[in-house]
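One letter stands for each residue in the lines below.
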Amino acid sequence: MLKADKSKKNIVAIGGGHGLGRILSSLSCYGSKVTGIVATTDNGGSTGRIRACQGGIAWGDMRNCINQLITEPSIGSMIFEYRFKGNGELDGHNLGNLMLTALDNLSIRPLDAINLIRDMLNVETQIIPMSEHPSDLAAITHSGEIINGETSVDELQEVPKRLYLEPAVPATKEALNAINQADLILLGPGSFLTSVMPILLLRDLGIALKNSNAQIVFITNLDKEHGPAGKMPLETMLHWCERAMNGRKIDTILTDKLHTDLNNKFNLQIEDLASSNHEWRHDRDKLKHAVDKLITSC
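These numbers come from a predicted model, not from an experiment.

Reading the values: the criteria
- Residues numbered from 1 in each chain as written.
- Predicted model: local features only at pLDDT ≥ 70, side-chain atom pairs only at ≥ 80, totals over all residues.
- Heavy atoms only, no water.
- Helix = DSSP H or I, 4+ residues; strand = E, 2+ residues; numbered from the N terminus.
- Rg over C-alpha atoms; globule rule 2.2 N^0.38 Å.
- Buried < 20%, exposed > 50% of the residue type's maximum accessible area, 1.4 Å probe, protein only.
- Contact = heavy atoms within 4.5 Å.
- Areas by Shrake-Rupley, 256 points an atom, 1.4 Å probe, with all protein chains shown as cover.
- Lys, Arg positive; Asp, Glu negative; His and termini not counted.
- Charge placed at Lys NZ, Arg CZ, Asp CG, Glu CD.
- Salt bridge = Lys/Arg side-chain N within 4 Å of Asp/Glu carboxyl O.
- Pairing = 2+ DSSP bridges.
- Axes fitted to C-alpha atoms, helices over the stretch in contact; angles between N-to-C directions.
- Core = buried A, V, L, I, M, F, W, Y, C linked by side-chain atoms within 4.5 Å.
- pLDDT = per-residue confidence, 0-100.

A.B. asks: Please clarify how the overall build of the protein chain should be interpreted in this entry.
C.D. replies: Per the secondary structure count, the protein chain includes twelve helices and ten strands. For 298 residues, the compact-globule estimate of 2.2 N^0.38 gives 19 Å, and the C-alpha radius of gyration of the protein chain, at 18 Å, lies within 12% of that figure. Across its three principal axes, the protein chain shows a C-alpha extent of roughly 55 × 50 × 40 Å. Within the protein chain, the fraction of its 298 residues that count as buried is 55%. Relative to all contacts within the protein chain whose residues are 6 or more apart in sequence, the contacts with residues 24 or more apart total 68%. When the accessible surface of the protein chain is totalled, it reaches about 13800 Å², and 48% of it is carbon and sulfur. The distance from the centre of the 30 positive side-chain charges to the centre of the 35 negative ones in the protein chain is 5 Å.

Have a look at this one:
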């Protein structure tokens, strides 16, 4: 078996929220050789409230990823994870989100703010926002209606005709560099329309993926999503990804079951990936073992 601490391969994982945090935490032994490119379009919860009154990018998914990468609890990690309770305006706000917003308001570059927090919490894995410019996810329905905001997209009763970013923004330059240097690129797991797709909608990032020599792997969820993505066949999801990547084909599907509907169009790596406690959640050790196999084939 490959010894992860001796690997010289560069891994990039793309997504947001709990799914990306899960894959990053499973690969934490690879240290700085792993880079997470994180969606910044969330407009719900504490993040959404902050964006509504302060503007800026969404910090929640990056905070979530960092939280899952903390291996040794400390006063710093307790502060970063603290969530206010009560009846006032602070109720429900996460202190980590407020800290990152404060650093942003001090004109500290978003990526520098994240790196300050990573250093404070001894997180070696690199975390990069998909863009350092605020943007929202938007959708056009089949009837021509325009839907604005990630939470509204998630509440659609049907799969939208297409997604786009409003406004169109550039990818973070470090994200493009990470893709250019990657040996393995992982898409997902997580919310397909609101975590994976927003990043792929960045035009320059899509071009970088098209030109990448890395092995690109799509990791399926273990259960159907709620919302419109749950109505999408896997082949449709893969088509959306490849279209956003300017026709670049996905090399491998990492999944827990055979997908006969794909008609041998894709290379499948079938693994037992489910946690013993929650069948809908990926097990960290099983994910790491599966990715180890992928790396040996890079």
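A.B. asks: When you look at the pattern of salt bridges in this model, what are you seeing that I'm missing?
C.D. replies: A side chain of one charge can pair with a side chain of the opposite charge when the charged atoms of the two come close. Summed over the entire model, instances satisfying the criterion amount to ten salt bridges. Taking the shortest distance from any N to any O, the salt bridge between Arg248 and Asp251 comes out at 3.1 Å. Notably, a salt bridge pairs Asp272 with Lys286, separated by 3.0 Å at the nearest N-O pair. You can see Asp272 sitting in the loop between β10 (267-270) and α12 (284-296) and its partner Lys286 sitting in helix α12, a full 14 residues away along the chain. Each of the salt bridges in this network shares a partner with another, and the network as a whole consists of Arg109, Glu132 and Glu174.

A.B. asks: What exactly am I supposed to notice about the environment of Lys161 here?
C.D. replies: Relative to the elements of secondary structure, Lys161 occurs in the loop between α7 (150-154) and β6 (162-166). Considering only alpha carbons, one finds Lys161 and Ala182, 21 residues apart in sequence, at a separation of 31 Å. Setting aside residues up to four positions removed in sequence, Lys161 forms contacts with Ile140, Thr141, His142 and Trp240.

A.B. asks: Can you walk me through the side chain of Ser195 in this structure?
C.D. replies: Its place among the elements puts Ser195 in helix α9 (residues 192-200). Take Ser195: its relative accessible area is 7%, and that puts it in the buried class. Among residues more than four places away in sequence, those in contact with Ser195 are Gly15, Gly16 and Ala39.

A.B. asks: How do you make sense of the sheet that holds strand β4 (residues 136-140) when you look at a structure like this?
C.D. replies: By definition, the strands of a sheet pair up through backbone hydrogen bonds, in either a parallel or an antiparallel sense. With respect to topology, three strands assemble into an open sheet ordered β5-β4-β6, the strand pairing being antiparallel. A single partner strand is all that each edge strand has here, and the edge strands are β5 (146-148) and β6. When the angles between neighbouring strand axes are averaged without regard to direction, this sheet yields 25°. Examined bridge by bridge, β4 and β6 share five bridges and lie antiparallel to one another. Residue Ala139 lies in a different strand from β6, and its bridge partner there is Leu163.

A.B. asks: Is there a simple way to think about the nonpolar core in this case?
C.D. replies: A general trend in soluble globular proteins is that nonpolar side chains are found buried together. By size, the foremost hydrophobic cluster in this structure holds 50 residues, and its most contacted members are Ile185, Leu187, Phe192, Leu205, Phe218 and Ile250. Beyond its immediate sequence surroundings of up to four residues, Ile250 is in contact with Leu187, Ile216, Phe218, Leu238, Cys241, Glu242, Met245 and Phe266. Counting residues in hydrophobic clusters, the runner-up holds 39 residues, among them Leu100, Val217, Ala274 and Leu294.

A.B. asks: Got a minute to help me understand the pairing of strand β7 (residues 184-187) in this structure?
C.D. replies: Each regular strand carries side chains that alternate between the two faces of the sheet. Here β7 shows no split at all, with Leu184 and Leu186 on one side and Ile185 and Leu187 on the other all buried. Summarising the sheet, β7 and strand β8 (residues 215-219) pair through four bridges and their orientation is parallel. Each bridged residue has a counterpart across the sheet, and for Leu187 the counterpart in β8 is Phe218.

A.B. asks: For this particular structure, what's the right way to read the confidence of the model for the protein chain?
C.D. replies: Close inspection of predicted coordinates is inappropriate for parts of the model with low pLDDT. Counting all residues, the mean pLDDT for the protein chain is 93, and 98% of those residues have values of 70 or more. A low-confidence stretch, residues 1-6 (pLDDT under 50), is modelled with eleven contacts involving residues beyond four sequence positions or located in other chains.

A.B. asks: Help me out: how do you make sense of α9 in this one?
C.D. replies: Every α-helical turn comprises 3.6 residues, leaving residues that sit three or four positions apart pointing alike. A large share of α9 lies buried, amounting to nine of its nine residues. Within α9 the residues assigned to the buried category are Phe192, Leu193, Thr194, Ser195, Val196, Met197, Pro198, Ile199 and Leu200.

A.B. asks: What's the story with helix α11 (residues 234-244) in this structure? I'm lost.
C.D. replies: Turning to α11, its buried residues are Leu234, Met237, Leu238, Trp240, Cys241, Glu242 and Ala244. If you follow the buried residues of α11, they end up packed against β6, β7, α9, α10 (203-211), β8 and β9 (252-255). Two residues or fewer after α11 comes Asn246, characterised by a positive phi angle close to 60°.

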